[in-house]
Amino acid sequence: MPEIQIMPSILAADFGRLAEGCKRAEESGADQIHVDVMDGVFVPNISFGPDVVKMSAATVSIPQNVHLMVQRPQDHLEKFANAGSDTIQIHIEAKCDIPETLAAIRGMGKRPAITLNPETPVESIFACLENRWVDEVLVMSVHPGFGGQRYLAYVEEKCATIRRMADWVDIAIDGGIDDQTVSRAAAVGCNLFVAGSYLYKQDDMAAAIADLRKQAQDSYCSGL
């Protein structure tokens, strides 16, 4: 069984107190910080740049899990790698040479990950798995670009397919993860859980993270 990890998304933190939001996540038992990067082109919103990753990496000791929702990730890799990213996720739908870009991430000493949107067929990432170009797959369970959306249960079939195909890969899921959906995602093989709005609205984030982790551990792969 791969390690279950909870990754708070600082997109849901108070933008005026981001460092405090990062510290709060770490002190509450988070395993990684998830940083959503949006360019206003690939998705209709604009969010963080490399300086936010740099701030977070300097503020906490847990890894930086960086999600590039950008049209041309190859143009930004070096800046985000130098800022302190540990995992860099690119989209299969991005305008780049996928194997070349993933290889560049690995060549910088970072963990390469591939992301697919809810409507994207799971077959689109099969080459990434078959050739082990990635260490992690991120399945979007909402449409990327905005926080606070509802969980799209139909992506669970994709997660199950990925887990059956590659028992070695980390499967992350992002979008609408809370105490009602985490067990469903874990049951189909997800082991990394991005949660933003749900965690940052909790009075006791530590208890919420512990609960998500336990639910995921208890449910892992039970639906396969």
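Look above for the structure.
All values derive from a computational prediction rather than experimental measurement.

Parameters and conventions
Residues numbered from 1 in each chain as written. Predicted model: local features only at pLDDT ≥ 70, side-chain atom pairs only at ≥ 80, totals over all residues. Heavy atoms only, no water. Buried < 20%, exposed > 50% of the residue type's maximum accessible area, 1.4 Å probe, protein only. Helix = DSSP H or I, 4+ residues; strand = E, 2+ residues; numbered from the N terminus. Arc of directions from axis to C-beta. Contact = heavy atoms within 4.5 Å. Pairing = 2+ DSSP bridges. Axes fitted to C-alpha atoms, helices over the stretch in contact; angles between N-to-C directions. Core = buried A, V, L, I, M, F, W, Y, C linked by side-chain atoms within 4.5 Å. Parallel < 35°, antiparallel > 145°, perpendicular 65-115°, else oblique. Left-handed = near helix turned anticlockwise from the far one by under 90°. Nonpolar A, V, L, I, M, F, W, Y, C, P; charged D, E, K, R; others polar. Right-handed = clockwise from strand over helix to strand, strands pointing away. Phe/Tyr/Trp six-rings, centres within 6.5 Å; stacked < 30°, edge-to-face > 60°. Salt bridge = Lys/Arg side-chain N within 4 Å of Asp/Glu carboxyl O.

Looking at this structure, I do not really get helix α1 (residues 18-27). What am I missing?
Because each turn of an α-helix spans 3.6 residues, side chains separated by three or four positions in sequence point in the same direction. Buried residues of α1: L18, G21, C22 and A25, and no others. The buried residues of α1 occupy an angular sector of 100 degrees when the element is viewed end-on, so they sit on one face. The inward-facing, buried residues of α1 contact β1 (5-8), β2 (33-38), α2 (50-59), α8 (197-200) and α9 (205-219). One or two residues past the end of α1 sits G29, with phi positive at roughly 100 degrees.

For this particular structure, what's the right way to read the sheet that holds strand β4 (residues 87-91)?
Two modes of strand pairing occur in sheets, parallel and antiparallel, and in both the strands are linked by backbone hydrogen bonds. The strand order across the open sheet built from eight strands is β1-β8-β7-β6-β5-β4-β3-β2, with neighbouring strands paired in parallel fashion. Of all the strands in the sheet, the pair left with one neighbour each is β1 and β2. Direction aside, the axes of adjacent strands within the sheet are offset by 25 degrees on average. Relative to β4, strand β3 (residues 64-69) runs parallel, the two being bridged by three bridges. In the strand pairing of β4, V66 is matched with I88. Sitting on the sheet, helix α6 (residues 156-165) touches β5 (111-116), β6 (136-140) and β7 (170-174), and the angle it makes with β7 is about 170 degrees.

Is there a simple way to think about the nonpolar core in this case?
Looking at soluble globular proteins, one finds that nonpolar side chains tend to be buried together. In this structure, I10, V137 and F193 are the most contacted members of the largest nonpolar core, which totals 71 residues. With five residues, the single largest contributor to this core is α9. Filtering out sequence-adjacent residues up to four positions away, V137 remains in contact with I114, L116, I125, L129, I162, V169, D170, I171 and A172. Membership of the second largest hydrophobic core comes to seven residues, among which are L138, M140, V142 and L192.

Looking at this structure, how should I read the packing of α1 against α2?
Helix packing geometry: the angle between the two helix axes and the distance between the axes. Contact geometry of α1 with α2 gives a least axis separation of 9 Å together with a crossing angle of 45 degrees. Between α1 and α2, the angle falls in the class oblique. Relative to α2, α1 is oriented so that their crossing is right-handed. Here L18, A19, C22, K23 and E26 of α1 come into contact with α2, specifically with V52, M55, S56 and T59. A per-class count over the contact of α1 with α2 returns five nonpolar, two polar and two charged.

Sorry, what's going on with the pairing of β2 here?
Consecutive side chains along a regular strand alternate between the two faces of the sheet. Counting buried positions along β2 gives six out of six residues, so the element sits mostly inside the fold. Neither face of β2 is left uncovered, since the one carrying I33, V35 and V37 and the one carrying H34, D36 and M38 both have all their residues buried. Note: β2 against β3, six bridges, orientation parallel. Paired with M38 across the two strands is M69, which belongs to β3. In the classification by handedness, the crossover that spans β2, the intervening α2 and the parallel β3 is right-handed.

Looking at this structure, how should I read the pairing of β6?
In terms of burial, β6 is a largely internal element, five of the five residues being buried. What you see with β6 is no split at all: E136, L138 and M140 on one side and V137 and V139 on the other are buried throughout. Relative to β6, β5 runs parallel, the two sharing four bridges. Within β6, the position partnered with A113 by the bridge is E136.

Looking at this structure, I do not really get the packing of aromatic side chains. What am I missing?
For any pair of aromatic rings, geometry is given as the distance between the ring centres together with the angle between the planes. Scanning the model with the defined rule gives one aromatic pair in all. Taken together, a centroid distance of 5.1 Å and an interplanar angle of 50 degrees make the contact between F15 and F48 tilted. Of the two residues, F15 is situated in the loop between β1 and α1 and F48 in the loop between β2 and α2; the sequence distance between them amounts to 33 residues. Overall, F15 belongs to the partly exposed group, its relative accessible area being 49%.

Just to check I follow, could you spell out the pattern of salt bridges for this structure?
Two side chains that carry opposite charge are able to pair once their charged atoms sit near each other. Considering all chains together, one arrives at eight salt bridges under this definition. Between R106 and D135 there is a salt bridge; the shortest N-O distance is 3.2 Å. With R106 in helix α4 (residues 98-107) and D135 in the loop between α5 (126-130) and β6, this pair connects stretches of sequence that are 29 residues apart. With a shortest N-O distance of 2.7 Å, K214 and D218 are connected by a salt bridge. Here the residue K214 and the residue D218 both occupy positions in helix α9, the gap between them amounting to four residues, near one helical turn. For the residue pair K214 and D218, the accessibility class agrees, reading exposed in each case. Several salt bridges converge on common partners, so that one network encompasses R111, E136 and D170.

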